[in-house]
Number of protein chains: 2
Amino acid sequence: MTTKIGEIKPGKVEIQGWIENLRDKKNMQFIVIRDLSGKVQVTVIKAEKPEIAEIFSHTTLESTVKITGTAVANDFVKLGGMEIIPESAEITSRAEAFPIGPESAIDQRLDYRWLDLRSPEKALIFQVETILNQAMRQYCIDHGFIEIHTPTLIGASSEGGADVFEVKYFDRKAYLIQSPQFYKQMAMAAGFERVFINTPVFRAEKSHTKQHATEFSGFDIEMSYVNSQEDVMKVQEELLAYAIGEVKNKLGDKVKELLGVDIVVPTLPFPRITVKEAYSILRDKLKISIKDGEDFSREQETALCKYMEETNGHQFFFVSEYPSKVRAFYTMAKEDEPEYSKSYDLYFKDVELTSGAQREHRPDVLKKQIEAKGIDTAPMADYINFFKNGCPPHGGFGLGLDRFLMLLLNLPSLKEAMYLFRGPDRLTP
Amino acid sequence: MTTKIGEIKPGKVEIQGWIENLRDKKNMQFIVIRDLSGKVQVTVIKAEKPEIAEIFSHTTLESTVKITGTAVANDFVKLGGMEIIPESAEITSRAEAFPIGPESAIDQRLDYRWLDLRSPEKALIFQVETILNQAMRQYCIDHGFIEIHTPTLIGASSEGGADVFEVKYFDRKAYLIQSPQFYKQMAMAAGFERVFINTPVFRAEKSHTKQHATEFSGFDIEMSYVNSQEDVMKVQEELLAYAIGEVKNKLGDKVKELLGVDIVVPTLPFPRITVKEAYSILRDKLKISIKDGEDFSREQETALCKYMEETNGHQFFFVSEYPSKVRAFYTMAKEDEPEYSKSYDLYFKDVELTSGAQREHRPDVLKKQIEAKGIDTAPMADYINFFKNGCPPHGGFGLGLDRFLMLLLNLPSLKEAMYLFRGPDRLTP
């Protein structure tokens, strides 16, 4: 039985790990072995164990090793006041020299991602994602949501057709989903009431910003019986606060120590403004010109984020009721003011994290909204049909898990937040 | 605030749901409203609420409705001894007549999957999957596994190249993964020690059996520091027993009531035989001819499954140490008998649920094994490179979540176990 290095107690022990350091002295060898849980020193007295000394004198750093021996307390050893006196040692895998180092450029590091990731700091990023993701799912399950696995292969390109990857599907064409939007709404027509989906989504965009990838991990929810976007916003803020709280509880200290980041659990409710209030802030407080009915530019977003964080001391805020013309065709318009919609965006730090809305569930109104956007309704026949046999009012949101992780841990780019980044120029390893 | 129908208490209430039944009598209307949590009767006295009676006299079954009113006890009402006397009623979505019914053929039902799924029995299938899937993840997290999201888009077709979907990727080609095998092994080289992955996987096979789909939901794990396949089998049986136990605890009664299925939580350990023992059983006990070193036919598998369940009274069993020639190139051969491998299959009821193994982590041996299978090593350069800078001994398994669900609930086909089935002839809805 292999013991985790972080859990070694004095006595007989078998450990496995990587050779992080090796000092080969005249009479002694001092080897530091690392696994994900910690590091320990192995001390070889050459005269007593010549066959083990022989093994370590011919190995390389970052090789993997299996060692049996006795763990003993030794106050002179800095690493946990403990050392292992080995009985046997076996090199299980021998490392060649590394082609990259921590100082290599990001794209070189991505070429050798399996080496780039080999540190407790990098592993921690994905340990955080594990807790974050699982907590998001658990919140949903605790609140009556059903998880569905929606297909990524579709017969017709959804949501208008731009920026979609085409797949050779036997003797015809298929496409990769840009979002599970249609299929989560389908679940509302099926009476599932509340669903969440965690699936890869795809964008055939030749973008090279720090926030774009061609494939990323989406987290979507949809819920029935909503009265407005406010019902969705309430679920979203609770879900995020819960998930961030779980990260803070389970890994907050380690994140602080290894990544130098303070995880801040957001207070509820998140600050909220309407888009009209955002226009006023931009014009009156920040002296930035914007017309009613316009979408924000990146610069306007950044200025607004800065203002909101300074004013509220909160890393999140909602902007609601965007102009209908800048939102997707499936967004419900406000009853009393149809040029504005029952929609929202959620900002986190200085970036838009997610979009949500109440959807248009009346098939006749929906069809008109699609036509008004100049989109062909023919490939959407099934989608419109979803709503013809009864479908309750509903709404939801979608967010990019990788982007959320990047923002939470202040990572410089999506490339650092994804296990394996995919971009227009990157399909390997 | 909308109250779930299953949680109505006497007093003022707002409910939303589907019109399941409507009896329009001379002086009264009796409407049964259904949501996912239950059903309730709404009683309209026409003389007292003519405007509500007018609404219900012009609506259709399966339309959705929002009702406010007062819930009162009434011993004459069969449905929970409770009825709602409405104050207001609003049809939120009007249903056209259904194009399918429960008696329709499966492919017709799939054409209108959003209607096919509209019953508490169908929703329950996915409620079971939700608990099953989350419990599998939770077991992993509780045992030190990190979740990773591996890409589905790859630059070169993995594992030999047959049956792979091709994607138009800007000015080049990409492919869809058949399994995250390479990427979970990469995590071992990165020092992640234990990972799990829940991702769609793809098979470009023109199969039409009840067990095949072109896209399905994979659940994979990989773990470092294993000594043989036995270490992997131990994790797998514990994981499955835990997950099935969670389903039994949380939904066992409902599954029994609505689907007529007894969920059996398997005892530990699962029965185990080697492939050589399986050959003996087939030849000596079942009088079925098979040669040493051969793979099982479907008929041989079925006979073996029947024998094992009858002999052991257990729905699961492992077969280990398959001939190396019938296993993938990345499987480690037995040290003392290289024509057999450190591999296993797990059978559930009468079907192979999963394959697992210890992997070959030595790059020189791995390269030889790839060549021995007649596979081109060139597209696998990155994969072989994973193991060149130190990689601990490791192993893992993969299973199809949809297949697991199908077997657990005795569903007649994968089409019933998937939210939206994808096959050679089906890409819609």
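For every chain, the first residue of the written sequence is number 1, and numbering continues from 1 along that sequence. To label them, take the chains in the order written and letter them from A, then take the ligands in the order written and number them from 1. Only residues with pLDDT of at least 70 are given local features in this predicted model, and only at 80 or more are side-chain atom pairs given and counted; all residues enter the totals for whole chains, interfaces and linings. With hydrogens and water excluded, all non-hydrogen atoms of the structure serve as input to the side-chain values.

**Structural notes on the overall build of chain A**
Spelled out, the test is: Where helices and strands are cited, they refer to DSSP runs of H or I of at least four residues and of E of at least two residues respectively, numbered from the N terminus. Relative accessibility under 20% of the residue-type maximum defines a buried residue, over 50% an exposed one, and the middle range a partly exposed one, all with a 1.4 Å probe and only protein chains included. The contact criterion used is simple: two residues touch if any of their non-hydrogen atoms lie within 4.5 Å. Only the protein chains shown count as cover for residues, and the accessible areas themselves come from Shrake-Rupley with a 1.4 Å probe. Positive charges come from Lys and Arg alone, negative charges from Asp and Glu alone, with His and the N- and C-terminal ends not counted. Every charge is mapped onto a representative atom, which is NZ of Lys, CZ of Arg, CG of Asp or CD of Glu.
Helix and strand content of chain A: 12 helices and 18 strands. With respect to the three principal axes, the spread of C-alpha positions in chain A is 90 × 60 × 40 Å. Of all 429 residues assigned to chain A, the portion counted as buried reaches 59%. In chain A, the share of contacts with a sequence separation of at least 24, taken over all contacts with a separation of at least 6, comes to 64%. Accessible surface for chain A amounts to roughly 17,000 Å². Of this, 51% is attributable to carbon and sulfur atoms. Of the charged side chains in chain A, 54 are positive and 64 negative, and the gap between their average positions amounts to 2 Å.

**Brief notes about the pairing of strand β10 (residues 194-202) of chain A**
Residue and element names in this part refer to chain A. Quick note on the threshold: In short, DSSP must find at least two bridges between two strands for them to pair.
The element β10 is extensively covered by neighbouring structure, given that eight of its nine residues are classed as buried. Bridging between strand β6 (residues 146-147) and β10 involves two bridges; their strand directions are parallel. Residue glutamate 147 lies in a different strand from β10, and its bridge partner there is phenylalanine 196.

**Regarding the relation of the copies chain B and chain A**
Stated precisely, the cut-off is as follows: When the copies are superposed, the least-squares fit takes in the C-alpha atoms of residues with a pLDDT of at least 70 in both.
Once turned by 180 degrees and shifted 0.0 Å along the axis, chain B lies on chain A with an RMSD of 0.0 Å. Put plainly, the chains are arranged around a two-fold axis. No C-alpha of chain B approaches the rotation axis more nearly than that of B:Val167, which lies at 2.2 Å. A share of 100% of interface residues in chain B that are also interface residues in chain A marks the association as one of identical surfaces.

**Some details on the interface of chain B and chain A**
Where we set the bar: By buried area we mean the combined loss of accessible area, with a 1.4 Å probe, across both parts when two parts are placed together. The term salt bridge refers to a pairing of a side-chain nitrogen on Lys or Arg with a carboxyl oxygen on Asp or Glu at a separation within 4 Å.
Contacts between chain B and chain A engage 97 residues on the former and 97 residues on the latter. For the pair chain B and chain A, the summed buried surface comes to about 8,100 Å²; carbon and sulfur atoms form 60% of the total. For the pair chain B and chain A, the number of links is two salt bridges. A salt bridge links A:Glu147 to B:Arg137; the shortest N-O distance between them is 2.7 Å.

**Points about the side chain of A:Thr354**
Residues and elements named next belong to chain A. Here is the rule: The definition of a polar contact used here is a pair of N or O atoms within 3.5 Å, where within protein one atom must be able to donate a hydrogen and the other to accept one, and adjacent residues in sequence count solely through side-chain atom pairs.
Mapped onto the fold, threonine 354 is located in strand β17 (residues 351-358). The class for threonine 354 is buried, based on a relative accessible area of 1%. From its side chain, threonine 354 meets the backbone oxygen of glycine 398 in a polar contact 2.4 Å long.

**What to know about the sheet that holds β6(A)**
All names here are of chain A. This is how it is decided: For every element, the axis is a line fit to its C-alpha atoms; helices are fit only across the contacting stretch, and the angle between N-to-C directions ranges from 0 to 180 degrees.
With mixed pairing, the eight strands of this open sheet are ordered in space as β6-β10-β11-β18-β17-β16-β13-β12. Edge strands, defined here as strands with exactly one partner in the open sheet, are β6 and β12 (272-274). In the packing of helix α7 (residues 275-285) onto the sheet, contacts are made with β12 and β13 (316-320), and the angle to β12 comes to roughly 90 degrees. Packing against the sheet, helix α11 (residues 401-408) makes contact with β10, β11 (215-224), β16 (343-348), β17 and β18 (394-400), and its axis sits at approximately 60 degrees to β18.

**Looking at the nonpolar core**
In plain terms, the rule: What we call a nonpolar core is a set of buried Ala, Val, Leu, Ile, Met, Phe, Trp, Tyr and Cys residues that are connected through their side-chain atoms within 4.5 Å.
Counting residues in each nonpolar core, the largest one holds 178 residues, and the members touching the most others are A:Phe192, A:Tyr419, B:Phe192 and B:Tyr419. Look past the residues within four positions of A:Tyr419 in its chain and what remains in contact with it is A:Arg113, A:Leu117, A:Phe126, B:Ile148, B:His149, B:Thr150, B:Tyr183, B:Met186, B:Ala187 and B:Phe192. Listed in part, the 20 residues of the second largest apolar core include B:Tyr169, B:Ala174, B:Ala204 and B:Leu427.

**Here's the deal with helix α4 (residues 120-142) of chain B**
All names here are of chain B. Going by this rule: Here a helix's expected span is defined as the number of its residues, less one, multiplied by 1.5 Å.
Look at α4: 32 Å from first C-alpha to last across 23 residues, which is about the 33 Å you get at 1.5 Å a residue. With 19 of its 23 residues buried, α4 lies for the most part within the structure. Downstream of α4 by one or two residues, glycine 144 has phi in the positive range, about 80 degrees.

**Some words on the sheet that holds strand β2 (residues 28-35) of chain B**
All names here are of chain B. Around the barrel, five strands lie side by side as β1-β2-β3-β5-β4; this closed barrel has mixed pairing. Mean inter-strand twist for the sheet, computed between neighbouring axes without regard to direction, equals 50 degrees. Note that strand β1 (residues 11-24) and strand β4 (residues 64-73) share eight bridges and pair antiparallel. Looking at the pairing, lysine 12 lines up with threonine 70 of β4. Strands in contact with helix α1 (residues 50-57) are β1, β2, β3 (38-45), β4 and β5 (82-93); relative to β5, the strand with the most contacts, it is inclined by about 60 degrees.

**A short note on the environment of A:Ile45**
Residues and elements named next belong to chain A. Secondary-structure assignment places isoleucine 45 in strand β3 (residues 38-45). Sequence spacing of isoleucine 45 and phenylalanine 387 is 342 residues, and the spatial spacing of their C-alpha atoms is 77 Å. When sequence neighbours within four positions are dropped, the list of residues in contact with isoleucine 45 reads Asn27 and Met28.

**Quick look at helix α11 (residues 401-408) of chain B**
Since the α-helix turns once every 3.6 residues, residues separated by three or four places project in the same direction. Residues and elements named next belong to chain B. Among the eight residues that make up α11, seven are buried, leaving the element largely enclosed by the rest of the structure. Those residues of α11 not exposed but buried are Leu401, Asp402, Phe404, Leu405, Met406, Leu407 and Leu408. In the segment just after α11, asparagine 410 is the residue with positive phi, at about 55 degrees.

**A look at the pairing of strand β16 (residues 343-348) of chain B**
Residue and element names in this part refer to chain B. Most of β16 is tucked away: six of the six residues are buried. Because side chains alternate across β16, one face comprises the buried residues Ser343, Asp345 and Tyr347, and the other comprises Tyr344, Leu346 and Phe348, equally buried. For strand β13 (residues 316-320) and β16, the ladder comprises five bridges, and the chain directions are antiparallel. Residue pairing for β16: serine 320 is matched across the bridge by tyrosine 344. Relative to strand β17 (residues 351-358), β16 runs antiparallel, the two sharing six bridges. Paired with leucine 346 across the bridge in β17 is threonine 354. Linkage of β16 to β17, two consecutive antiparallel strands, is achieved through a turn of two residues, within which lysine 349 is found at a positive phi near 55 degrees.

**Some thoughts on the packing of helix α4 (residues 120-142) of chain A against α11(A)**
Residues and elements named next belong to chain A. We apply this condition: When describing relative orientation, an angle under 35 degrees is termed roughly parallel and one over 145 degrees roughly antiparallel, while 65 to 115 degrees is termed roughly perpendicular and anything else oblique. By convention, the crossing between two helices is left-handed when the near helix turns anticlockwise from the far helix through less than a right angle, and right-handed when the turn is clockwise. Residue polarity follows a fixed list, in which Ala, Val, Leu, Ile, Met, Phe, Trp, Tyr, Cys and Pro are nonpolar, Asp, Glu, Lys and Arg are charged, and the others, Gly among them, are polar.
Interaxial distance between α4 and α11 falls to 11 Å at its minimum, and their mutual angle equals 120 degrees. In terms of axis orientation, α4 runs oblique to α11. Where α4 crosses over α11, the handedness of that crossing is right-handed. Counting all contacts with α4, which are made through Ile125, Val128, Glu129, Leu132, Asn133 and Met136, the residues of α11 involved are Leu401, Asp402, Phe404, Leu405 and Leu408. Counted by class, the contact of α4 with α11 contains eight nonpolar, one polar and two charged residues.

**Some words on the packing of aromatic side chains**
Our working definition: Two rings from Phe, Tyr or Trp (for Trp, the six-membered ring) form a pair when their centres sit within 6.5 Å of each other. Planes less than 30 degrees apart are called stacked, planes more than 60 degrees apart edge-to-face, and all others tilted.
Counting across every chain of the model gives 50 aromatic pairs over all chains. When the centroid spacing of 5.9 Å and the interplanar angle of 75 degrees are considered together, the rings of A:Phe296 and A:Tyr322 count as edge-to-face. In this pair, A:Phe296 is assigned in the loop between α7 and α8 (298-312) and A:Tyr322 in the loop between β13 and β14 (333-334), connecting sequence segments 26 residues apart. Take A:Phe296: its relative accessible area is 10%, and that puts it in the buried class. With a relative accessible area of 0%, A:Tyr322 lands in the buried category. Aromatic side chains B:Tyr139 and B:Tyr242 sit 6.2 Å apart centroid to centroid with 45 degrees between the ring planes, which places their arrangement in the tilted category. Note that B:Tyr139 is positioned in helix α4 and B:Tyr242 in helix α6 (residues 229-259), a separation of 103 residues in sequence.

**Observations regarding the pattern of salt bridges**
Counted under the stated rule, the structure contains 64 salt bridges over all chains. Two residues, B:Arg426 and B:Asp111, come together in a salt bridge whose shortest N-O distance is 2.9 Å. Linking B:Arg426 in the segment after α12 (414-417) with B:Asp111 in helix α2 (residues 106-111), this pair joins segments that are 315 residues apart in sequence. Three or more residues joined by partner-sharing salt bridges are found here, namely A:Glu20, A:Arg34, A:Lys39, A:Glu62 and A:Arg118.

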